[in-house]
Amino acid sequence: KLTKDVEALKGKIEAHDDELKAVKAAHAEELASQTQALEEKAAAATAKAVAIAEAAAKEKAQYMDSDRLEKEKAEAVKEYRAKAQAEIDSLKQQLEAMQTASKAVQEGDAKGAVDTVRQQKDEEIAALKEMHAKALEAEKEKAKQAAAQATAVSAAKAAAAASAGGDAQSASVIEKLRSELEQKEKDMSALKDRLNARDQQYKALLHSSSSSVAGGTVPRSGLQSTRSTRAGTASQGRYVDIQLVGGQGVGKSWLLERLIKECDPSQLRQFEEHRVNLVAQYNLTIEGKPLKMLDCSGQAKAMPVVEGWFAKAKWVVVIYDLCDPKSLQFALENALPKAKMAGANLVLFGNTGKLESDGPNSGDTQAIVMKAKDGAAQHLAYTDERSTLAHIVRRILQEIDQGFAPEPRNQDGSTADTPPRKGGAMTITSAVENFKNWFGGSNNPKSLKLTEGVLKPSLKGSSQMRGTVASSADLRAVQQLQDSESAVTCICFGQERLHKQYILLAAASKDGTVVIYRCYRTQKELAMMQLENAGVGEDEPSPSEQRDQIVVHSRLVGHSRAITSIFFNLLEDQLVTTSIDKSVRFWQVDTGEMLKVFTDSSPVPVAAFLPFNPQVFVAANSNAVLRLVNVQNGLVLQKLKVETEVRALRFDDTGAFLLAGTKNGSIHVLENSEGLKFKFKVHLARGGVTCITFVPARPEQNMPASLLVNTSDSSVTIIDCTYEAPQGILTNLTVRNRVKVAHSLLPLKCCFSPSGGGYLISGSEDREVYIYNLHTYKVQHLKHHVVPVVAVAVNQQDTLLASADSVGRIVLWRRLDFSHLAEQ
């Protein structure tokens, strides 16, 4: 029975298998038919799409042909009208006189040269009008006389048939008139040629609307041997290829988005994420070449931040709206002069996007373009007017590849040690350099005399003061502040470009409080600002009795334990503090109000904002973890584990690399590119790192970018940063020197003064402020404190030094100026 049952089950299983095979075969056949049907539909759709594309292409070609015919017709009409104009209209186009311009330029007045040339040319055109009118009248009168004489001769011949002498006389008169007319035409032609030659010579320097600039005749005496701003930019600390600036509403973002879509669509996502930032950096690839581009906000409050990047950019492209004269005024009066002072190559770019969409207004537009070209010439800038950045970006990339450095040139534009050239075109940089040389000679920083001593003189010294200091180059403690007896842990200056009358000094203490002081500028500091044409905000004049005083601006109370680091945000309207109480806090500078609190699982020694994304900061905790935190919502975007606790953080001036100093004396280099990534590590000392100060490259002194690093083994290390050109990638840290500073326990800080050859300033545990000359490494000691000096800071103007100690005392130092006594 069991055997039968088994056999029955086997039969059922075989039947089910056969049924399953049949179902599978049916499904396979149905699937194949459906697939074939879909393929046929796809082929049909493809054929239809191809047909539509071909039809569209034909229609586009027809449209382009008709458009081309219409353009040719319009050009023919325009040419016919142009030929119909009188000779005086063509003379109006001759604008400049080179000889007058050269004389004015040699006297150092470029703007006056242009104005003088235009005035003289207007007068010359008026004189030519009058002369031409008189010549035409005289020629008409002579023609009438000749006609009258010819009529008289003919009448005499017909009446008397007297003699053939009348014919000879008439012929001689007519021939004389013809010769006079030919001579007049030759004179006019010579005058035109002379004016054209002068115009071409002048345009060779000023006219920059075309894609290349033709070499012109330049006086040999005006040429000097200079190097292009472009040459050697990698070694000069200029790691941003192009910086885009301009007023609000000029279309920078629209132009940049169009460039990215056209040349590097893969960066569109990053563009959308960072377009709201005040300063956003994009690493684009244009025709296979890397390009670092900086997009800067046009908000007035962001200008101090934007101007800080001029010295780090190879090219600054200042954008204005061709339909908005105010945007051009902002470019000519603000952006171009400050970028020029920073030594960057300049482009004044007119955005024609709105003009093309709204329709032309030729009169106003032409006036704006002419004003832009004149302003660009005064600031030695290249100009362009388009609705896309692609053309100018490709030109700049060619300049970067060439690394052009002009040599002294002959009058025909050839170099001194090469044969004169008969033709060809200059690069943008060579034309700008020729123009710089002709209008004012070299502006080489090496030719500038370096000041002696740390800090710039900012306080007039009396004869009594002179007897109390060693020399005029020494510093003097001018003021002392003390809000409590709690040790000051860190200090920093801020809002130095927001107010004309004062700057801010923030001081954090071990008891968890922060006091922000208002430091009023001296008369000499105000004079320096006016001389340097510093772009700072206006505020109420300070009373004379407050001129040399320090007042409390605000107090920040909220931390329960010692504050470990402080720094201002990008706009400097907020202060950020980190503390041992495991928190990072944001404060309103003017009111002292606590805005935000971010907590951690352990004490937070240090934090810093991401340079190109101020909505994100990086914070280190005592558990050796780095966190990237979004300021708006508090989300932790990234966590990185380090080998040991990080106690110092500092970004380099490119913003692309973060330097993290650790408890065991190492520096970790992290790349800031879509998050933080470890790149390499350098071990410095046995003691822990307590402070890192980044010093930008100083090409005028042949000094590379460097770091000043405090370590608790009684030393400060000077480290050179090696960047790989042309991308500006940090590849190595090399110890240049080590100097001695008493330091074994406290978290001492250091700072940098750029005066003279540059100075390292550091606190110490032996109650003195150490000042080392970074060229000679000679040391100077400032003695005033009676306890260890923990923190030091120098203001941006390099006129005021602050030192703070472990009992809460802050001393302000200034360099005295006795030059007025020597003059007496």
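Just so you know, these numbers come straight off a predicted model, no measurement behind them. (Residues numbered from 1 in each chain as written. Predicted model: local features only at pLDDT ≥ 70, side-chain atom pairs only at ≥ 80, totals over all residues. Heavy atoms only, no water.)

(A) Region of interest: the sheet that holds strand β33 (residues 768–773). With antiparallel pairing, the four strands of this open sheet are ordered in space as β31-β32-β33-β34. With partners counted over all chains shown, the strands left at the sheet margins are β31 (750–753) and β34 (779–783), one partner each. Here the strands of the sheet are splayed against their neighbours by 20° on average, with no regard to which way each runs. Looking at chain direction, β33 and β34 are connected through five bridges and run antiparallel. Considered in β34, the bridge of Glu-768 is made with Lys-783. (Pairing = 2+ DSSP bridges. Helix = DSSP H or I, 4+ residues; strand = E, 2+ residues; numbered from the N terminus. Axes fitted to C-alpha atoms, helices over the stretch in contact; angles between N-to-C directions.)

(B) Examining helix α6 (residues 252–263) more closely. In this model α6 runs 16 Å from its N-terminal to its C-terminal C-alpha over twelve residues, within 8% of the 16 Å that 1.5 Å per residue would give. Residues Lys-252, Leu-255, Leu-256, Glu-257, Leu-259, Ile-260 and Cys-263 constitute the buried set of α6. (Expected span 1.5 Å × (residues − 1). Buried < 20%, exposed > 50% of the residue type's maximum accessible area, 1.4 Å probe, protein only.)

(C) Representation of the nonpolar core in the model. Counting 31 residues, the largest nonpolar core has Val-245, Val-316, Val-318 and Leu-348 as its most contacted members. The set of elements that each furnish at least two residues to this core consists of β2 (240–246), β4 (289–296), α8 (303–308), β5 (313–321), α9 (325–341), β6 (345–351) and α11 (362–378). Looking at which element gives the most residues to this core, the answer is α9, with six residues. In this structure Val-318 touches Val-245, Ala-331, Ala-335, Leu-336, Val-347, Leu-348 and Phe-349, once residues within four positions along its chain are discounted. Grouped together as the second largest cluster of nonpolar side chains are 28 residues, Ala-280, Ile-286, Ile-319 and Phe-349 included. (Core = buried A, V, L, I, M, F, W, Y, C linked by side-chain atoms within 4.5 Å. Contact = heavy atoms within 4.5 Å.)

(D) Spatial organisation of the pairing of β5. The element β5 is extensively covered by neighbouring structure, given that nine of its nine residues are classed as buried. Inspection of the sheet shows β2 paired to β5 by six bridges, in the parallel sense. Bridge pairing links Val-240 to Ala-313 in β5. One ladder, built from seven bridges, connects β5 with β6; its direction is parallel. Note that in β6 the partner of Val-316 across the bridge is Leu-346.

(E) Structural context of the environment of Ile-718. Topologically, Ile-718 is positioned in strand β29 (residues 715–724). In sequence terms Ile-718 and Leu-707 are eleven residues apart; their C-alpha atoms lie 5.8 Å from each other. Each residue touching Ile-718, except ones within four places of it in the same chain, is listed here: Leu-707, Leu-708, Thr-734, Val-735, Arg-736, Asn-737, Val-739, Leu-760, Leu-774 and Tyr-777.

(F) Inspection of helix α12 (residues 390–402) at higher detail. If you check α12, its first and last C-alpha atoms are 19 Å apart, about what 13 residues at 1.5 Å a residue would give, namely 18 Å. Taken together, the buried positions of α12 are occupied by Ala-390, Ile-392, Val-393, Arg-395, Ile-396, Leu-397, Glu-399 and Ile-400.

(G) A look at the packing of aromatic side chains. Evaluation of the coordinates by the stated rule reveals nine aromatic pairs. Where Tyr-502 meets Tyr-520, the ring centres are 5.7 Å apart and the plane angle is 65°; that geometry is what we call edge-to-face. In this pair, Tyr-502 is assigned in strand β12 (residues 502–509) and Tyr-520 in strand β13 (residues 513–520), connecting sequence segments 18 residues apart. Ring-pair connections join several aromatic residues into one group, and the members of that group are Phe-567, Phe-586, Phe-598, Phe-609 and Phe-617. (Phe/Tyr/Trp six-rings, centres within 6.5 Å; stacked < 30°, edge-to-face > 60°.)

(H) Local environment of unusual backbone geometry. One non-glycine residue, Ser-714, lies in the positive phi region at around 60°. Locating Ser-714 in the fold gives a position in the loop between β28 (706–711) and β29. Even without being a glycine, Tyr-777 presents a positive backbone phi close to 60°.

(I) Summary view of the packing of α6 against α12. Packing of α6 against α12 leaves a shortest axis separation of 10 Å and a crossing angle of 70°. For the element pair α6 / α12, the angle class is roughly perpendicular. Residues Leu-259, Glu-262 and Cys-263 of α6 form the contact with α12, whose own contacting residues are Ala-390, Val-393 and Arg-394. Looking at side-chain class alone, the contact of α6 with α12 contains four nonpolar, no polar and two charged residues. (Parallel < 35°, antiparallel > 145°, perpendicular 65-115°, else oblique. Nonpolar A, V, L, I, M, F, W, Y, C, P; charged D, E, K, R; others polar.)

(J) Representation of the pattern of salt bridges in the model. Applying the stated criterion across every chain, the model contains 19 salt bridges. Across the salt bridge formed by Glu-262 and Arg-394, the nearest N and O atoms sit 3.8 Å from each other. On the criterion of sequence distance, the pair formed by Glu-262 in helix α6 and Arg-394 in helix α12 is long-range, its members being 132 residues apart. Overall, Arg-394 belongs to the partly exposed group, its relative accessible area being 28%. For Arg-814, the salt bridge is made with Glu-525, and the minimal N-O distance between the two is 2.9 Å. Of this pair, Arg-814 sits in strand β37 (residues 809–817) while Glu-525 sits in helix α15 (residues 523–532), and the two are 289 residues apart along the sequence. (Salt bridge = Lys/Arg side-chain N within 4 Å of Asp/Glu carboxyl O.)

(K) A look at the confidence of the model for the protein chain. Per-chain confidence: the protein chain averages 78 in pLDDT, with 71% of residues scoring 70 or above. Counting interchain partners and residues more than four positions distant, the pLDDT-below-50 stretch residues 202–235 has 94 contacts. Under a pLDDT of 50 for its full length, residues 404–451 has, in the predicted model, 107 contacts with residues more than four places off or in other chains. (pLDDT = per-residue confidence, 0-100.)

(L) Region of interest: a negative patch on the surface. A cluster of acidic residues, Glu-7, Glu-14, Asp-17 and Asp-18, forms a negative patch on the protein surface. Position of Glu-7 relative to the elements: it lies in helix α1 (residues 2–84). (Patch = residues over 30% accessible without salt bridge, like charges linked within 9 Å, V, L, I, M, F, W, Y side chains within 5 Å. Areas by Shrake-Rupley, 256 points an atom, 1.4 Å probe, with all protein chains shown as cover. Lys, Arg positive; Asp, Glu negative; His and termini not counted. Charge placed at Lys NZ, Arg CZ, Asp CG, Glu CD.)

(M) Spotlight on the sheet that holds β12. The strand order across the open sheet built from four strands is β11-β12-β13-β14, with neighbouring strands paired in antiparallel fashion. Strands with a single pairing partner mark the edges of an open sheet, and in this sheet they are β11 (488–494) and β14 (550–557). Direction aside, the axes of adjacent strands within the sheet are offset by 20° on average. Relative to β12, β11 is paired through six bridges, and the arrangement is antiparallel. Within β12, the position partnered with Cys-492 by the bridge is Ala-506.

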